[in-house]
Amino acid sequence: MSCPICGEDTLQAFRPFCSKRCADIDLAKWLNGSYSVPSQREEDAESVQEPPESQPLRRH
Ligand SMILES: [Zn+2]
């Protein structure tokens, strides 16, 4: 099993992360709302209808 943050091997003491630092990073993601928050996302889904993200393809 590898750390979901940095991909390093996990330490048993910090599973599923490799270190306290990566655990903190994951926690920060939660606090910043990077992870889906069902109660908020549902409102957004109803009021905002965004088209699929379209990125211009640039190929040589
Ligand atoms: Zn890590």
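The structure we're discussing is the one just above.
Moving on to the overall build of the chain. Scanning the chain for helices and strands turns up 2 helices and 0 strands. Residues classed as buried in the chain amount to 12% of the 60 residues present. Looking at the chain as shown, the accessible area adds up to about 5,800 Å², and 50% of this sits on carbon and sulfur atoms.

Moving on, we come to the coordination of the zinc ion. The coordination sphere of the zinc ion, as far as protein atoms go, consists of Cys3 (SG), Cys6 (SG), Cys18 (SG) and Cys22 (SG), spread over 2.3 to 2.4 Å. With 4 donor atoms in place around the zinc ion and angles of 100 to 118 degrees between them, the coordination shape is tetrahedral. All donor residues of the zinc ion come from one chain, and their arrangement in sequence is C-x2-C-x11-C-x3-C. Of the two residues, Cys6 is situated in the segment before helix H1 (20-32) and Cys22 in helix H1; the sequence distance between them amounts to 16 residues. On the basis of relative accessible area, Cys6 is assigned to the partly exposed category, the value being 41%.

Attention now goes to a nonpolar patch on the surface. On the surface, Leu27, Trp30 and Leu31 cluster together into a nonpolar patch covering about 380 Å² of accessible area. Its place among the elements puts Leu27 in helix H1.

Now for unusual backbone geometry. Residues other than glycine predominantly adopt negative phi, and peptide bonds predominantly adopt the trans conformation. The omega angle of the peptide bond from Arg15 to Pro16 is 0 degrees, so this bond is cis rather than trans. Its place among the elements puts Pro16 in the segment before H1.

Parameters at a glance
- Residues numbered from 1 in each chain as written.
- Predicted model: local features only at pLDDT ≥ 70, side-chain atom pairs only at ≥ 80, totals over all residues.
- Heavy atoms only, no water.
- Helix = DSSP H or I, 4+ residues; strand = E, 2+ residues; numbered from the N terminus.
- Buried < 20%, exposed > 50% of the residue type's maximum accessible area, 1.4 Å probe, protein only.
- Areas by Shrake-Rupley, 256 points an atom, 1.4 Å probe, with all protein chains shown as cover.
- Donors = N, O, S within 2.8 Å, 3.2 Å for Na, K, Ca; no water.
- Tetrahedral: all angles 85-135°; square planar, octahedral: opposite > 155°, others 65-115°.
- Patch = residues over 30% accessible without salt bridge, like charges linked within 9 Å, V, L, I, M, F, W, Y side chains within 5 Å.
- Salt bridge = Lys/Arg side-chain N within 4 Å of Asp/Glu carboxyl O.

By themselves, these figures tell us nothing about what the structure is for.
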